[in-house]
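Tertiary structure, described
For reference, the chains in residue letters:
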Amino acid sequence: MEFTASQIAAFIDGKIIGDENAIITGVSPIESCEPGHLSFIAQERFSGFIKSAKCSVLIVSERLLTETNYPVTIIAVEDAYLSFQVLMNLYKEMQGRRSGIEQGAVFHETSSVGENVYVGAFTCVSENVKIGDESQIYPHVYIGKNVKIGKNCIIYSGVRIYDYCVVGDDCVIHSNTVIGSDGFGFQPTKDGYQKIPQLGNVVLGDHVEIGSNCSIDRGTIGSTIIGKGTKIDNLIQIAHNVKIGENNVIAAQAGIAGSTIIGDWNQIGGQVGVVGHIQIGNQVKIQAQSGVNSSAKDGEVLYGSPAINASEYRRNYVHFRNFTEIVKRISKLEENSKNIDDRE
Amino acid sequence: MEFTASQIAAFIDGKIIGDENAIITGVSPIESCEPGHLSFIAQERFSGFIKSAKCSVLIVSERLLTETNYPVTIIAVEDAYLSFQVLMNLYKEMQGRRSGIEQGAVFHETSSVGENVYVGAFTCVSENVKIGDESQIYPHVYIGKNVKIGKNCIIYSGVRIYDYCVVGDDCVIHSNTVIGSDGFGFQPTKDGYQKIPQLGNVVLGDHVEIGSNCSIDRGTIGSTIIGKGTKIDNLIQIAHNVKIGENNVIAAQAGIAGSTIIGDWNQIGGQVGVVGHIQIGNQVKIQAQSGVNSSAKDGEVLYGSPAINASEYRRNYVHFRNFTEIVKRISKLEENSKNIDDRE
Amino acid sequence: MEFTASQIAAFIDGKIIGDENAIITGVSPIESCEPGHLSFIAQERFSGFIKSAKCSVLIVSERLLTETNYPVTIIAVEDAYLSFQVLMNLYKEMQGRRSGIEQGAVFHETSSVGENVYVGAFTCVSENVKIGDESQIYPHVYIGKNVKIGKNCIIYSGVRIYDYCVVGDDCVIHSNTVIGSDGFGFQPTKDGYQKIPQLGNVVLGDHVEIGSNCSIDRGTIGSTIIGKGTKIDNLIQIAHNVKIGENNVIAAQAGIAGSTIIGDWNQIGGQVGVVGHIQIGNQVKIQAQSGVNSSAKDGEVLYGSPAINASEYRRNYVHFRNFTEIVKRISKLEENSKNIDDRE
């Protein structure tokens, strides 16, 4: 796609300084901008790039502009970051959406799809599945029996949704994520571990986004639940019967063990582990790689394995880094003490 | 499916207190039970729910029953947990199994399947593959050449099994797990890393269960082995030439590096890392997130990164939590010591 | 395949001691060698196996041979390890490669493939895709629009490559890895997190190998880049706009957060986490499970979470292991100090 500076300025209500017919055909980050591309500067610390950037059109926050002429075409706006977001969303929409049922998709006769749905080649839709209006199911997706998928979802290639799981409206699930595999439940016996049947399901609220290669296990009985607006990164493990509230963000490779309950608006860092059967309140922050093994109250900030208050962890870790020095101080004290004893 | 209280009681040899015609159509955990559902209470701490639960039928351990009338229909049994397990297994069996070869599955002419096998749409079966009686292979599975799969296995959608791998009887492999991808073996040269061909395979014993999104690499030469009855959770890495014995349980996101040998009946926690070329004995417990970098004897309990004896780790970690206080104590001692020196 | 000792010796320019007609049909590691198999001994510490190994033919480094007769047929070479590598590579090549377009693969009419390309059943190739000569794309692969794949690549079953991503020449990508899923970018608002469109792509240099079940996210704008010759193990997370240089090795389950820049020839251990927006130089070694949260210079060796100099970490960890003892020493000093105070 091709746009002129004046078309772009019109979308975001900006003021052009320079050539309004400058043409852009792509978008780049400011550090690696190239001719024919659009970029933006919203922060003081990048303002040096205004004169040196090699792109053709640059959206800049007004307060960073001090001159009347620039080597590239400038579009001045109040907040360049927000304006750029608006453009990116527009661009995404312009790329269009897929629709129609591609040849090679397999539907059970008892399943039903809403209006304007896309189903890609080699996707399998089992018995009694319902797919809502405007949803897009990419190729190679497996949808088990009695699954319900809401409206306006995007399910990327290779996602597996086991029987009886429920996906809300406006959800996005990235490639190769598995929803509803069996919880890890076995009873030890003398002869080995015996499987505990996993008869529950997974329920995703509306506006949930899940990255690629995640595993969200079904409940043993009852549901594993991910609340409205919660966003989950890649390679994440959510075990059986976990309940996650609304508007949480969980970074890549984190894992939540069985039956743990998590509130709203929490931030869980990458590679964090949370043990089973505990409760995490609301607006809790858990630093990357932490191991949380007891319940956390609203607003706590946690770090370490096992996780403790984050400031406390950092302060103690400073001492850990000086441990050799600290032990020397103790040895010196012992030496002194011995000398005093000797003198007495 | 629909059952009456008396049908349920018959399955588990229970005694009904209340309406023997009460009907249940589903199953719930006791905390979120609803009308028309069945639940159970096996522990003292849940006995408060006997009077308040909103389900229609409740299986309860006899010793927890003190009255003659209850608001819901009760089925009294010796051990409600075990009885509930029996029912769940029955229920699972009643749901039936898939069979037959679905249209769209692709078989090489040299491959063979046993009796009553299910092969789903878009599954690829390569040259010289053998699939045992009663096994169920879901859609979108890839099976490389010369692979052997035993009897009564369930291989879920999206599993990939590379050439020459062997799966025992009664195994379950969940979606998107990869069996037999190349081990991570490269030789450094001046010009970059050169690949070491990975010519071995993976051998899974009988009754092995593997969760979703796991990676089990093939041996460089020889086999990567997972012994009989070992259960592996989701998102787990098993590197080339690892040998794992019988009846181990390995929790989600753990990783075992190359050529390590693991005995029987070990419990490996979530996100644990075990380095390559070491030996773990039998009945070892490794706490979640630990990093094991040396061999472990039978019965050890390990924690920390690097992992040490778990009680020792916990005791030392208490001191770590008090480190700021401890350093203050040292400073005070130094102050005292200085005063004494000054006085002399 | 079947070979005689003399055929093998000819491939690697070795000298036979024993029966030159001994036949081998397979290859085993020395510890579990069996009749009819070939193995090798290159190190002093395995030389005890020369007399006890049950294989039929054994390649041995000359310097380890002290006798004139052995129970098995020996092939003496200068460096048995290198000779064995040569054979393994030959063997791999003999197994042949796949070619041709299998029935059931779906191509958009605007896509094009080079010469001698293999495309497996149920693979989807979208609009404007280009696949270079000699590349092998296994079954069940999804290739989004405008993707470019170089020459001589192997893309295993179940790989997903999103729109506009670029794969260099001689790359290998193992099963169920996802290239180009959306970066994890959301803006908090009062009503929940709003998605930031992810419009960039992923670019893999030549000779890149990526294991199974990895997630490599596309750039928000611009590219996520993995440089020439870099090798990535299984279950690894590479976030949006990460730039990785040449000839790095990254072990299983490591994760690199957004916009971090990594140089050349680094070694990143298993389960390592690297935070976003930092720089790692060249020839840095990061020990397994470390959490790197600040930039690292060339040649650093890091360990711990947060990661510090590895020797320092190990030294301090020794003190951590003795922490209870150290606290006892402090208590004793306090006792002494109190006694002195009392005496005065």
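Provided above is the structure to which this section pertains.
Quick summary incoming for the structure in this document. Just so it is clear, the model here is predicted, and its values are computed rather than measured.

Examining the relation of the copies chain A and chain B
When chain A is fitted to chain B, the best match, at an RMSD of 0.1 Å, comes from turning it 120° and sliding it 0.0 Å along the axis. A rotation of that kind, with that shift, is consistent with a three-fold axis.

Some words on helix α1 (residues 5-12) of chain B
Residue and element names in this part refer to chain B. What α1 keeps buried is the set Ala5, Ile8, Ala9 and Ile12. Projected down its long axis, α1 shows its buried positions confined to an angular sector of 100°, all on one face. Aspartate 13, located one to two residues past α1, shows a positive phi value of around 55°.

Observations regarding the interface of chain A and chain B
How big an interface is tends to be expressed through the accessible area that disappears when the partners come together. On the chain B side, the residues contacting the 72 residues of chain A number 61 residues. Summing the contributions of chain A and of chain B, the shared interface buries around 5,100 Å²; its carbon and sulfur component is 57%. Ranking the residues of chain A by area buried against chain B places A:Phe184, A:Tyr193 and A:Ile221 at the top, with a combined share of 14%. Across the contact surface, chain A and chain B share two salt bridges. The partner of B:Glu209 in a salt bridge is A:Lys195, and the shortest N-O contact between them spans 2.8 Å. Summed over the shared surface of chain A and chain B, the number is 34 residue pairs in polar contact (both at pLDDT 80 or more). Listing elements by their share of the side of chain A that touches chain B, those giving two or more residues are β21 (178-181), β22 (186-189), β23 (192-195), β26 (215-217), α4 (310-321) and α5 (323-343) of chain A. Looking at which element gives the most residues to the side of chain A that touches chain B, the answer is α5(A), with eight residues. Looking at the side of chain A that touches chain B, its residues break down into 30 nonpolar, 31 polar and 11 charged.

Structural notes on unusual backbone geometry
Backbone torsion omega between A:Ser305 and A:Pro306 reads 0°, so that peptide bond is classified as cis. Within the element layout of this structure, A:Pro306 appears in the loop between β39 (301-303) and β40 (308-309). Of note, the phi angle at A:Asn116 is positive, near 60°, even though the residue is not glycine. Among the structural elements, A:Asn116 can be located in the loop between β10 (112-113) and β11 (118-119). For A:Asn116, a relative accessible area of 37% corresponds to the partly exposed category. At B:Phe122, a residue that is not glycine, the phi angle is positive and equals roughly 65°. With respect to the helices, strands and loops of the structure, B:Phe122 is situated in the loop between β11 (118-119) and β12 (124-125).

Criteria and cut-off values
Residues numbered from 1 in each chain as written. Chains lettered and ligands numbered in written order. Predicted model: local features only at pLDDT ≥ 70, side-chain atom pairs only at ≥ 80, totals over all residues. Heavy atoms only, no water. Least-squares fit on C-alpha atoms with pLDDT ≥ 70 in both. Buried < 20%, exposed > 50% of the residue type's maximum accessible area, 1.4 Å probe, protein only. Helix = DSSP H or I, 4+ residues; strand = E, 2+ residues; numbered from the N terminus. Arc of directions from axis to C-beta. Contact = heavy atoms within 4.5 Å. Buried area = accessible area lost by both parts, 1.4 Å probe. Salt bridge = Lys/Arg side-chain N within 4 Å of Asp/Glu carboxyl O. Polar contact = N/O pair within 3.5 Å; in protein donor to acceptor, adjacent residues only side chain to side chain. Nonpolar A, V, L, I, M, F, W, Y, C, P; charged D, E, K, R; others polar.

Nothing here speaks to function; it is all geometry.
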